[in-house]
Amino acid sequence: MTRVAVLVERHGDHVAGPTLEALTLARSLGEVVAVWLGGSPDSEAVAALGSYGASEVRVVAPALRLPAALAAALGAATADADVVLVDSTFVNKEIVTRLALATGAGVVVDAAGASIVDGRVETLQTVFAATWNVQTRIVAERAIVGLRPNTTQAVAVSGAPVAAVVAVDFEPPTTREGVVHVEAVEASDGVPLAEAPVVVSGGRGTGGDYALIREFAELLGGAVGASRDATDEGWISHEHMVGQTGTTVTPALYVACGISGAVHHRGGMQASGTIVAVNLDPDAPIFEIADFGVVGSLFDVLPDAMARIREVRGA
Amino acid sequence: MRILVTVKFTPDLQSNRSFTDGAVTRTADDGSMNELDENAVEAALQLVEAAGSGEVIAVTVGGPDAVSAVRKALQLGVGRAIHVSDEAVAGSDVFGTARVLAAAVRRVHEEAPIDLVITGMAALDGLTSMLPTALAVELDWAQLTLASSLSVLDGVATIERHLPDAHETVTAPLPAVVSVTDEANKPRYPNFKMIMAARAAVVETWSLGEVGVDPVSVGAAAARTVVVSAEPRPPRDPQIVTDTGEGGRLLADFLLERGLA
């Protein structure tokens with residue numbers, strides 16, 4: 001039986017959505033344990049991890065921030081694992097690179113799925129700004145896969161046994177690097193951008209007015225995104241930037257409002273399920289990748305769209 | 001201050017980008033260095049300029065095309081360019097590439113000590129962001145990655161690292177491997193004089209043997225992953241409507257019909 005370890009992402013004490021997706025995928029690969037780095041999970045978190053298929057929650061207690069230390073901790077907790085699954089974040093990519101160099105594992109990040117084929121892990125990714133589908137085989141005996149959020153439907157196991165909590169003995173390594181200051185970023189309300197099932201983004205066409213964007217995002221239960229233009233203008237904070245160097249998103253629905261669709265922006269959202277665009281310029285490149293587009297002003301189109309949705313929902 | 005910058009040739013993305021600042025229009029021989037590597041070159045040039053003395057060396061690994069990446073770095077102002085080119089490198093995964101780059105860094109470091117290796121945060125073709133970490137591990141140097149700012153004082157490098165949950169300040173003694181984000185600086189544009197000078201500059205070409213890497217330890221045969229299949233995704237079939245008062249309603253209906261609203 002393939003042994004699969006899932007690194008837990010969380011928001012405070014809560015298990016993050018992508019981890020539930022990873023656990024769901026992990027169940028299709030083999031026997032599943034969850035790895036909790038830093039502090040210890042409360043009973044609610046243990047219950048959540050168990051109900052999505054983890055038989056064990058392995059806890060590495062020391063609070064760590066540096067990739068070298070986190071990789072050592074993940075390694076200590078996954079020594080017996082054939083497959084390690086993580087959420088494909090920038091930090092996790094650093095951690096798994098170190099883990100792979102320590103263990104000889106093969107790595108695929110930004111994967112949209114994984115399966116076992118003839119005793120090895122194979123993954124599916126979309127590459128080159130989501131214009132190609134690529135199937136990759138990890139030929140090494142051990143595999144590490146970074147999963148993109150919203151690519152697996154999280155499904156709980158009914159009547160799953162309670163997960164056992166196991167403390168992992170771990171001594172943090174000495175590192176060359178030192179963290180001399182940490183300033184917490186205030187979490188925005190609602191679902192984090194990277195994990196949101198719906199993202200409504202505004203760009204230059206908003207002129208800096210995000211009221212309609214926020215209202216539409218709230219109506220659809222989504223997060224607010226922005227183009228580089230908008231964050232460079234200081235209209236909205238950098239945490240909202242969707243793009244290859246900001247946050248890469250793969251929601252079920254992406255709504256681009258007043259965004260022309262520069263190549264960097266497209267690279268960060270092109271793998272979204274359904275793409276809708278509203279833009280005054282009929283030649284905006286965003287329309288080339290949209291499933292549905294309205295050539296018009298977002299200040300006209302969004303209020304009408306919201307009114308219609310409220311009308312239908314209310315009916 | 002002696003700084004080595006790793007740069008990568010990326011063939012596809014640049015072809016359909018456009019400049020907004022109205023500067024140089026790129027032609028074929030301008031090459032296509034990964035755009036995010038421009039931030040790495042800029043960071044290195046700024047540190048050397050601030051120090052008042054030093055050298056910036058650009059290194060790339062890859063086939064014959066890859067030379068245009070270091071040519072671009074020369075245009076931007078680096079003083080020396082090295083191209084590690086060997087048929088055996090073809091098909092390397094990130095770990096193979098890191099091994100070759102680390103060997104090249106070690107050779108340059110032996111000539112005279114290097115203070116920093118600076119890389120871009122990712123390559124816009126593959127975008128895995130794994131190389132800077134792999135290079136730091138191969139060299140057994142400190143890792144200061146995803147830097148949105150970088151400073152060096154008294155043999156210690158300090159970076160700011162903007163993560164989704166926190167802004168960190170991280171320090172490490174030199175030598176260190178630093179990756180910089182596109183927030184770190186605004187890359188300069190090459191001027192005509194630099195472009196002409198870069199055209200005449202000599203790029204050193206090194207084989208794997210010259211950097212002491214066993215060819216069987218890199219390349220496709222040593223890669224831990226293989227691509228089983230690759231196919232273009234079907235293009236989307238856009239429905240585009242022009243708003244004449246009904247646009248919002250049509251958009252809403254599109255979403256409602258698909259259960260998206």
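Residues numbered from 1 in each chain as written. Chains lettered and ligands numbered in written order. Predicted model: local features only at pLDDT ≥ 70, side-chain atom pairs only at ≥ 80, totals over all residues. Heavy atoms only, no water.

Undergrad: What's the story with the overall build of chain A in this structure? I'm lost.
TA: Per the secondary structure count, chain A includes eight helices and 17 strands. Across its three principal axes, chain A shows a C-alpha extent of roughly 60 × 45 × 40 Å. Counting every position in chain A, which comprises 315 residues, the buried fraction comes to 56%. Long-range contacts, defined as pairs at least 24 residues apart, comprise 61% of the intrachain contacts of chain A with a sequence gap of at least 6. For chain A, the centre of its 19 positive side-chain charges and the centre of its 36 negative side-chain charges are spaced 5 Å apart. (Helix = DSSP H or I, 4+ residues; strand = E, 2+ residues; numbered from the N terminus. Buried < 20%, exposed > 50% of the residue type's maximum accessible area, 1.4 Å probe, protein only. Contact = heavy atoms within 4.5 Å. Lys, Arg positive; Asp, Glu negative; His and termini not counted. Charge placed at Lys NZ, Arg CZ, Asp CG, Glu CD.)

Undergrad: Teacher, can you tell me more about helix α5 (residues 211–219) of chain A here?
TA: A turn of α-helix holds 3.6 residues, and therefore any two residues three or four places apart point the same way. Of the positions making up α5 of chain A, those classed as buried are Leu212, Ile213, Phe216, Ala217 and Leu219 of chain A. For α5 of chain A, the buried positions fall inside an angular range of 160° around the axis, keeping them on one side. Buried residues along α5 of chain A sit in contact with β13 (198–202), β14 (223–226), β15 (253–257) and α8 (298–314) of chain A together with α7 (247–257) of chain B. Just beyond α5 of chain A, the residue with positive phi is glycine 221 of chain A, at close to 70°. (Arc of directions from axis to C-beta.)

Undergrad: Is there a simple way to explain the pairing of strand β1 (residues 2–6) of chain B in this structure?
TA: If a strand is regular, its side chains alternate between the two faces of the sheet. All names here are of chain B. Where burial is concerned, most of β1 is hidden: five out of the five residues are buried. Alternating positions in β1 separate into two faces, Arg2, Leu4 and Thr6 on one and Ile3 and Val5 on the other, with burial throughout. Of the strand pairs in this sheet, β1 and strand β2 (residues 55–61) are connected by five bridges, and their pairing is parallel. Looking at β2, one finds that valine 5 is bridged to alanine 58. With three bridges joining them, β1 and strand β4 (residues 116–120) adopt parallel strand pairing. Residue pairing for β4: valine 5 is matched across the bridge by isoleucine 118. (Pairing = 2+ DSSP bridges.)

Undergrad: Would you mind showing me how to read the pattern of salt bridges here?
TA: Inspection of every chain in the model, using the stated rule, returns 27 salt bridges over all chains. A salt bridge links arginine 188 of chain B to glutamate 42 of chain B; the nearest nitrogen and oxygen atoms lie 2.8 Å apart. Of this pair, arginine 188 of chain B sits in the loop between β8 (176–180) and α5 (192–200) while glutamate 42 of chain B sits in helix α1 (residues 37–51); the two residues are 146 residues apart in sequence, bridging distant segments of the chain. A single network of salt bridges, built from pairs that share partners, joins Arg65 and Glu94 of chain A together with Arg161, Asp165 and Glu168 of chain B. (Salt bridge = Lys/Arg side-chain N within 4 Å of Asp/Glu carboxyl O.)

Undergrad: Help me understand the sheet that holds β15 of chain A, please; the structure alone is not making it clear to me.
TA: Across a sheet, paired strands are connected by hydrogen bonds in the backbone, their directions being either parallel or antiparallel. With parallel pairing, the six strands of this open sheet are ordered in space as β14(A)-β13(A)-β15(A)-β16(A)-β17(A)-β11(B). Edge positions in the sheet fall to β14 of chain A together with β11 (239–242) of chain B, since each has one partner strand and no second. Here the strands of the sheet are splayed against their neighbours by 15° on average, with no regard to which way each runs. The pairing of β13 of chain A with β14 of chain A spans four bridges and is classified as parallel. By the bridge assignment for β14 of chain A, serine 201 of chain A is matched with glycine 225 of chain A. (Axes fitted to C-alpha atoms, helices over the stretch in contact; angles between N-to-C directions.)

Undergrad: Can you walk me through the environment of glutamine 135 of chain A in this structure?
TA: Mapped onto the secondary structure, glutamine 135 of chain A falls in strand β9 (residues 132–138). The class for glutamine 135 of chain A is partly exposed, based on a relative accessible area of 22%. The spacing of glutamine 135 of chain A and threonine 123 of chain A is twelve residues in sequence and 5.6 Å in space, taken between C-alpha atoms. Leave out the neighbours within four places in its chain, and glutamine 135 of chain A touches Glu122, Thr123 and Leu124 of chain A together with Val226, Val227, Val228 and Ser229 of chain B. Looking at glutamine 135 of chain A, its side chain comes within polar contact range of the side chain of glutamate 122 of chain A, at 3.2 Å. (Polar contact = N/O pair within 3.5 Å; in protein donor to acceptor, adjacent residues only side chain to side chain.)

Undergrad: Please clarify how the interface of chain B and chain A should be interpreted in this entry.
TA: Interface extent is often summarised as the accessible area lost during association of the parts. The interface is formed by 72 residues belonging to chain B together with 80 residues belonging to chain A. Both faces considered, chain B and chain A share a buried interface measuring about 6,600 Å² in area, 60% of it formed by carbon and sulfur atoms. Seen at the junction of chain B and chain A, the total is six salt bridges. A salt bridge links arginine 176 of chain A to aspartate 140 of chain B, with the nearest nitrogen and oxygen atoms 3.2 Å apart. Our count for the contact surface shared by chain B and chain A stands at 28 residue pairs in polar contact (both at pLDDT 80 or more). If you list the elements that add at least two residues to the side of chain B that touches chain A, you get α4 (131–139), β5 (142–153), β7 (166–173), β10 (225–232), β11 and α7 of chain B. (Buried area = accessible area lost by both parts, 1.4 Å probe.)

Undergrad: What am I meant to see in the side chain of serine 92 of chain B here?
TA: Residues and elements named next belong to chain B. Structurally, the position occupied by serine 92 is in the loop between β3 (80–84) and α3 (94–111). Within the structure, serine 92 has its side chain in polar contact with the backbone oxygen of valine 89 (distance 2.7 Å). There is a polar contact of 2.9 Å between the side chain of serine 92 and the backbone nitrogen of glycine 219. Other than its neighbours up to four places away in sequence, serine 92 contacts Thr97, Val218, Gly219 and Ala220.

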